[in-house]
Amino acid sequence: MAVDLSPKLSKKISEVDGGFYAAWSGADQPALTDSKVGAGILVLKPLGFAFPHYADSPKSGFVLEGRALVGLVLPGDPKERVLLLKKGDVIALPLGNLTWWYNDGDTDFSMVFLGDTSNAVHPGDIAYFFLSGSLSIFNGFSMDVLKKAWGVGEEKARKLLKSQPGVLLIKLKERLHGIKPSEADAEGIVLNVNHAHLGTSLEKGGYVIAMRSVDLPMLEEVRFSINFTKLEPNAMRMPGFFFEGAAQLIYVIKGSAQVEISGTDGKGVLETEVKEGYLFLVPKFFTATMIAGDEGLEWFSIITSQKPVFRQLTGATSLLNTLAPQILETAFNVTPDLVKLLRPKEST
């Protein structure tokens, strides 16, 4: 049975005055499960605070709007880092990190997360484990265990466990004081796309910023790379695929595009329009192309390889340009003048 690659919007998991968390699930998009990737969106209103938690998947986040403070404890490091994130920032979060999130600004903060769910509880979904609130992991233990672990009596143990009725996040009554971000703490973990090395200009209008560990050292700790792409209005990303068999999980930040994906046996597996807020997947070895709409297109994506190589199948850098003309004449059963159309490098 063919896998459904239809683009989807996220579904809200929890919503309160302080904001909401929404996610995509492998149950709705089986391709996420097959490729072992997952995604979610966190939105914090001003004074919104997401409880300390850890996840079962390494992930990367892209700030869509606003600003927020993030508390981060990395695996094997007892130090709590405090980072300032703002629009256009990318953060790489390895497996085993502990974070909290707080909107100290005056406008909404929103961030999309894309992650590798290879070792997740349920591949295709990113699961979170909270240290406080009504879904706290401590709720799974008996009172006797908590009293002994915390070294307190039952009354104090119950107060520690039950005083916070919030679920995933809350809206604070007043600002947090004494929490200050450090640029040094963010080094190697956070990078703004406007400061990243410009990767590749696209032949038909636009550019690709491919973030690697040289740009963002924390990517050494995860199993994927990050890609930010902008297409000019009506521009095209030429048909192509990732040579090493990497899947690409794409979130549409802005604009729209016509997307077509070709799979095994030369069969088209997707032909549709994507718009802002949609998530879709290009499976490994499948060939995809995107044609931007009148407003152009911007996307944020992860690729399930630390050093992906995209091989274009048409245009000046086409893989076909590496083949001898007589081979193409034979393979396509066409005349030399038509072969030149497959090798535009030759005819310019």
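Report on the accompanying structure. All values derive from a computational prediction rather than experimental measurement.

1. Observations concerning the overall build of the protein
Across its full length, the protein carries 7 helices and 22 strands. In terms of principal-axis extent, the alpha carbons of the protein reach across some 85 × 40 × 35 Å. Counting over 348 residues, the protein shows a buried share of 49%. Within the protein, contacts between residues separated by at least 24 positions form 72% of all contacts whose residues are at least 6 apart in sequence. When the 35 positive and 39 negative side-chain charges of the protein are each reduced to one mean point, those points stand 4 Å apart.

2. Points about the pairing of strand β9 (residues 98-102)
For β9, the tally of buried residues reaches 4 of 5 residues, placing the bulk of the element in the interior. Bridging between strand β4 (residues 48-55) and β9 involves 3 bridges; their strand directions are antiparallel. Its bridge partner lying in β9, A50 is registered against W101.

3. A look at empty space enclosed by the protein
Going through the model one piece at a time under the given rule, you end up with 1 cavity of 30 Å³ or more. As for the largest cavity, its lining consists of R237, G240, F241, F242, A246, Q248, V282, P283, K284, F285, F286 and F310. Examining the composition of the lining of the largest cavity, we find that 4 residues originate from one element, strand β17 (residues 236-242), more than from any other. By residue class, the composition of the lining of the largest cavity is 8 nonpolar, 2 polar and 2 charged.

4. Remarks on unusual backbone geometry
Here K36, not a glycine, exhibits a phi torsion of approximately 60°, which is positive. With respect to the helices and strands, K36 occurs in the loop between α1 (30-35) and β3 (37-44). Residue K36 is classed as partly exposed on the basis of its relative accessible area, which comes to 36%. Notably, N333 is not glycine yet its phi reads approximately 60°, a positive angle. As for its position among the elements, N333 is in the loop between α5 (325-332) and α6 (336-342). Residue class for N333 comes out exposed when judged on its relative accessible area of 70%.

5. Description of the packing of aromatic side chains
Counted by the stated rule, this structure contains 12 aromatic pairs. Plain terms: the ring middles of F241 and F243 are 5.9 Å apart, the flat faces sit at 40° to each other, and that makes the pair tilted. Joined through ring pairs, the aromatic side chains of F49, F51 and W100 make up one cluster. The positively charged end of K12 is found above the aromatic ring belonging to F20, 4.4 Å away from the centroid. Stacked on the ring of F243, the Lys or Arg R311 has its end atom at 5.2 Å from the ring centre.

6. Focus on the side chain of S14
When you line up the elements, S14 lands in strand β1 (residues 11-16). A residue is classified by how much of its surface remains accessible, and S14, at 13% relative accessible area, is buried. Excluding residues that lie within four positions of it along the chain, S14 makes contacts with G19, F20, Y21, V167 and L168.

7. A closer look at the sheet that holds β3
A sheet is described by the order of its strands in space; here 7 strands give the open sequence β1-β2-β3-β10-β5-β8-β13, paired in antiparallel fashion. Edge positions in the open sheet fall to β1 and β13 (190-192), since each of these has one partner strand only. Here the strands of the sheet are splayed against their neighbours by 20° on average, with no regard to which way each runs.

8. Some details on the nonpolar core
F62, L85, W101, V112, L249 and M290 are the most contacted members of the largest nonpolar core, which totals 89 residues. It is strand β18 (residues 248-262) that provides the largest number of residues to this core, a total of 8 residues. Sequence-distant contacts of M290, defined by excluding residues within four places in its chain, comprise L231, A235, M236, R237, I250, A257, Q258, V259, F280, V282 and W299.

Reading the values: rules and limits
Residues numbered from 1 in each chain as written. Predicted model: local features only at pLDDT ≥ 70, side-chain atom pairs only at ≥ 80, totals over all residues. Heavy atoms only, no water. Helix = DSSP H or I, 4+ residues; strand = E, 2+ residues; numbered from the N terminus. Buried < 20%, exposed > 50% of the residue type's maximum accessible area, 1.4 Å probe, protein only. Contact = heavy atoms within 4.5 Å. Lys, Arg positive; Asp, Glu negative; His and termini not counted. Charge placed at Lys NZ, Arg CZ, Asp CG, Glu CD. Pairing = 2+ DSSP bridges. 1 Å grid on protein atoms, 1.4 Å probe; cavity = no way out; pocket = protein on both sides within 12 Å on 5 of 7 lines; lining within 4 Å. Points joined across faces, edges and corners; volume = space filled by probe spheres on them. Nonpolar A, V, L, I, M, F, W, Y, C, P; charged D, E, K, R; others polar. Phe/Tyr/Trp six-rings, centres within 6.5 Å; stacked < 30°, edge-to-face > 60°. Lys NZ or Arg CZ within 6 Å of the ring centre and 35° of its normal. Axes fitted to C-alpha atoms, helices over the stretch in contact; angles between N-to-C directions. Core = buried A, V, L, I, M, F, W, Y, C linked by side-chain atoms within 4.5 Å.

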